[in-house]
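Here's the letter readout for the chains.
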Amino acid sequence: MSESTENKPLTPVLIIPGVMSSGLTCTTSTHKSWVGKRIWLNAAQMGFQSLSIGGALRANEQARASQQDASDALHQQYIQEMECKSRWLQHLCLQNDMKSEKDGIEVRPISGCAGVDYLSPGVLTGSYSYVFGPLLKLLKSKGYEEGINLDAAPYDWRLPPTILQQRDNYFTDTMEKVTRLYRQSNNTPVVILCHSMGCKAGHYLFNFVRHQLGEQEGQKWLDTYIQSYVPVGAPHNGAPKMVRSVIHGDKIPGLDVFLDNDEFLMMSRSLGSGPWCFPLENTSATPLTPSMPSSLLRLESSIILTIPTQTIPMKSFVYRRESMPSKVRLAIHLGEDFVVRTEFYPLSRDKKSPMLMLEEEVFCVALPPTIEQTLNEHPIIFVHLEELGAGKPRKKRRGVYHCDIFWPCRFVFCLMKWILCLPCAIVLKILRLLARGADRGIDLTAGAVGSSRAIGKSGKIKWAKGLLASSKVVSNDGGENGGMDSELRFQISPCDREGQGFFFEVPSPQECVLKVQWRPPSSLFEIKPFDRVTNKTTTICQYYPATTKELLVAEGLDNAVKLLRDSYDSDPIDPRGLSSWHPPPIQRVVAIYGINLPTEISGVYQRKQCVKLSGNNRNDLSVRRLIVMDKSARLNGLDGYTIEGGIIRETKVMSKGGTTIKKSGDGTVPYWSLQHCRTWQGEGVKKCDVKVYEIEGAEHRAILNDAKFHEILLREVLGVS
């Protein structure tokens, strides 16, 4: 090596990490003990112990719920961890606007390389929580010095780019970091090394400079201070996986030990950065288009089923019972395995004339696309009254005091039984007591696990007339949200029809009311269906391409739609267009990414079969789902793709000769999005010179610790041996 090469300063490097890859610390909190603590991601410091003891806490709670032997110490630990988890989510989740923190809470990124090395630093946890830690160690071994020619720009990955600048001056501060690295390295231009969503932030930074300083001065600044843009695993055109995380939920490896599905979904839906990586919808304007739509939605109609406030006399249903039901609910049967159930309601305490007082509850039920198909599949419905328990409820035995026409016979039989066969009568009495105890135990166990039995049933309810009436009104209104409820009146009779009183009077049925409103599918009728996806169980299902916005609207996430409009679409730097798939204003681009792993490329969605729209008594940690993955969807003649649980993944396809004829992505970002940077060659204001390095089998996150990636970065970008 020549003396001039040895004295040449190292090319400075600035790292911009991906989503959830910057450490976060609590600077202000309503809980003073949390101030100064790292909350992303250091579970042990936050008080979580379930990571080290596995599922012992949850197993203990399940045993406790089923009235089995359970540890009180573990139960108390479980309560403490639930409180801790609630606080942790309160600190991480943003407000409903998806860009503001909760009152009294401030969370900020950990600055410098310490914020991007390991999510959970430590001897035991560092090996599985690495981000740029292995690469930082490698660069330092090559002579790089942190803060001199090596630095990082962590950011609050929960926020959209506009708020990053407004609240934290992130892009202005990053410009200053670039300038400092440049000057400290003898005026050597800086390499901007980005990973995952950090590539979006880096691309946005370049256009921010041109917007902030003016096109000419901004371009002059970029030409002076930036040597190369190195996107690693970049979702240039977005990733369908990000949509699924907001619509259905997607677990994060490592966190699924102590966060359940609803908590994951609640956290995902609060992040304002999610739309940054949504798949681009205007794909016709991009040079490369995906091989299939990023989202498919089953065409379905819906019925709004309303149980209005009403009072039902219960005397006929509880006649001669040993004990009164503690609570009762209404169950609407639309099919053998399709039941809509209300909440349980207690009966009034008047034993002579108990009453069931139902409160209004509203449900949205997903059904076939047309009303004719709906009525063909569900021509009639049944309504039951249910109580907790199993088998038949026990009744009081009739005694000589029972006033009916057979009381003389009862009296004579009773005398003969006790006089002629006293030992048998005693044994029979003991057996009856044992049977009664067993029945009561079965009832308690069945109630604990949620089993129920019918105490009243309706006849066949033909609801065709009501549905047709409501559908006509909806059509006249010309929209899915229009229409009127059609009222259905029917009678429920006791399951036990045994008579009451002297002449065995048959108990009278009680009248109930339901309201139904049919709503047609959305405007997807106007789009050609995607016939490469069909359904395993029925032939009437059709799937249509749906944009991310249409899914958000269908899921009722109006706040996310508003955020897209106000913080993304109205941003002059255009984080989903100009700063996404357009060529960056940088002359040299070196893209590195993994390939040929099964990668999510699309999601097949359907309405949840039944969703309660009102009357929910939900705590802060629960999330209502209207749209779910369609697990009955299947592929029809698509080679190189697999489907599981409604998730379509691309896979590599090999020819008979052993060559790859179709590539796939890195396990997170689809191949068409990763390789989009190829279209920048010779394009843009700087006529980009693009070099692409594809690493076989390198996973999206694991590539940061991949020896081939390190070699390419050192040799081709930094010129270090």
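Not measured: the values here are computed from a predicted model.

1. A short note on the side chain of Ser664
Inference 1: You can see Ser664 is positioned in the loop between strand S31 (660-662) and helix H18 (671-674).
Inference 2: In terms of polar contacts, Ser664 uses its side chain to reach the backbone carbonyl oxygen of Leu597, at 2.9 Å.

2. What about the confidence of the model for the protein chain?
Inference 1: The share of residues in the protein chain with pLDDT of 70 or more is 78%, and the mean pLDDT across the chain is 83.
Inference 2: Overall, residues 49-54 carries pLDDT values under 50, and its contacts beyond four positions in sequence, including any with other chains, amount to 12 contacts.
Inference 3: Every residue in residues 616-622 scores below 50 in pLDDT, and together they form nine contacts with partners more than four places removed in sequence or on other chains.

3. Let's talk about the sheet that holds strand S3 (residues 38-40)
Sheet strands pair via backbone hydrogen bonds, and the direction of the pair is either parallel or antiparallel.
Inference 1: Read across the open sheet, the three strands follow the order S3-S2-S4; overall the sheet is antiparallel. The open sheet has two edge strands with one neighbour each: S3 and strand S4 (106-109). Taken pair by pair, the neighbouring strands of this sheet meet at an average axis angle of 45°, ignoring direction.

4. A look at the packing of helix H7 (residues 170-184) against helix H9 (residues 215-225)
Inference 1: Between H7 and H9, whose axes approach to 10 Å, the crossing angle comes to 40°. One way to sum up the angle between H7 and H9 is to call them oblique. Of the two possible hands of crossing, H7 and H9 adopt the one that is left-handed. Across the interface between the two elements, Met175, Val178, Thr179, Tyr182 and Arg183 from H7 touch Trp221, Thr224 and Tyr225 from H9.
Inference 2: Residues that form the contact of H7 with H9 fall into these classes: five nonpolar, two polar and one charged.

5. Details of the sheet that holds strand S7 (residues 226-232)
Inference 1: The strand order across the open sheet built from six strands is S5-S1-S6-S7-S23-S32, with neighbouring strands paired in parallel fashion. Strands with a single pairing partner mark the edges of an open sheet, and in this sheet they are strand S5 (150-152) and strand S32 (689-696). Geometrically, the sheet is characterised by an average inter-axis angle of 15° between neighbouring strands, direction not taken into account.
Inference 2: Pairing between S7 and strand S23 (residues 588-595): two bridges, direction parallel. By the bridge assignment, Val232 is partnered in S23 with Ile592.
Inference 3: Sheet contacts for helix H8 (residues 197-213): strand S1 (13-16), strand S6 (190-195) and S7; angle to S6, the most-contacted strand, approximately 140°.

6. A look at the packing of H7 against H8
Inference 1: Running from amino to carboxyl end, H7 crosses H8 at an angle of 90°, the nearest separation of the two axes being 10 Å. It follows that H7 is roughly perpendicular to H8 by the angle criterion. Two secondary-structure elements touch here, H7 through Phe171, Thr172, Thr174 and Met175 and H8 through Ala201, Tyr204, Leu205, Phe208, Val209 and Leu213.
Inference 2: Residue classes in the contact of H7 with H8 are distributed as eight nonpolar, two polar and no charged.

7. Remarks on the pattern of salt bridges
Inference 1: A complete count under the given rule lists 32 salt bridges for this structure.
Inference 2: A salt bridge links Lys241 to Asp250, with the nearest nitrogen and oxygen atoms 4.0 Å apart.
Inference 3: Within this structure, Glu101, Arg108, Asp156, Arg158, Arg167 and Asp168 form a network of salt bridges that share partners.

8. Examining the nonpolar core
Inference 1: Ranked by internal contacts, the top residues of the largest apolar core, which has 112 residues, are Trp40, Leu193, Phe709 and Leu718.
Inference 2: Contacts of Phe709, omitting those with residues within four sequence positions, involve Leu135, Leu193, Val232, Ile592, Ile695, Ile703 and Leu704.
Inference 3: Tyr345, Phe363, Leu375 and Val383 belong to the second-largest nonpolar core, a separate cluster that totals 36 residues.

9. Notes on the pairing of strand S24 (residues 599-607)
Inference 1: When you tally the buried positions in S24, you get eight out of nine residues, the bulk of the element.
Inference 2: As paired strands, strand S8 (residues 295-298) and S24 are joined by three bridges and run parallel to one another. Note that in S24 the partner of Leu296 across the bridge is Val604.
Inference 3: By the bridge criterion, four bridges tie S24 to strand S29 (residues 647-650) in an arrangement that is antiparallel. Each bridged residue has a counterpart across the sheet, and for Ser602 the counterpart in S29 is Ile648.
Inference 4: Bridge count between S24 and strand S26 (residues 627-629): three bridges; the pairing is antiparallel. The residue of S26 that forms the bridge with Arg607 is Ile627.

Reading the values: rules and limits
Residues numbered from 1 in each chain as written. Predicted model: local features only at pLDDT ≥ 70, side-chain atom pairs only at ≥ 80, totals over all residues. Heavy atoms only, no water. Helix = DSSP H or I, 4+ residues; strand = E, 2+ residues; numbered from the N terminus. Polar contact = N/O pair within 3.5 Å; in protein donor to acceptor, adjacent residues only side chain to side chain. pLDDT = per-residue confidence, 0-100. Contact = heavy atoms within 4.5 Å. Pairing = 2+ DSSP bridges. Axes fitted to C-alpha atoms, helices over the stretch in contact; angles between N-to-C directions. Parallel < 35°, antiparallel > 145°, perpendicular 65-115°, else oblique. Left-handed = near helix turned anticlockwise from the far one by under 90°. Nonpolar A, V, L, I, M, F, W, Y, C, P; charged D, E, K, R; others polar. Salt bridge = Lys/Arg side-chain N within 4 Å of Asp/Glu carboxyl O. Core = buried A, V, L, I, M, F, W, Y, C linked by side-chain atoms within 4.5 Å. Buried < 20%, exposed > 50% of the residue type's maximum accessible area, 1.4 Å probe, protein only.

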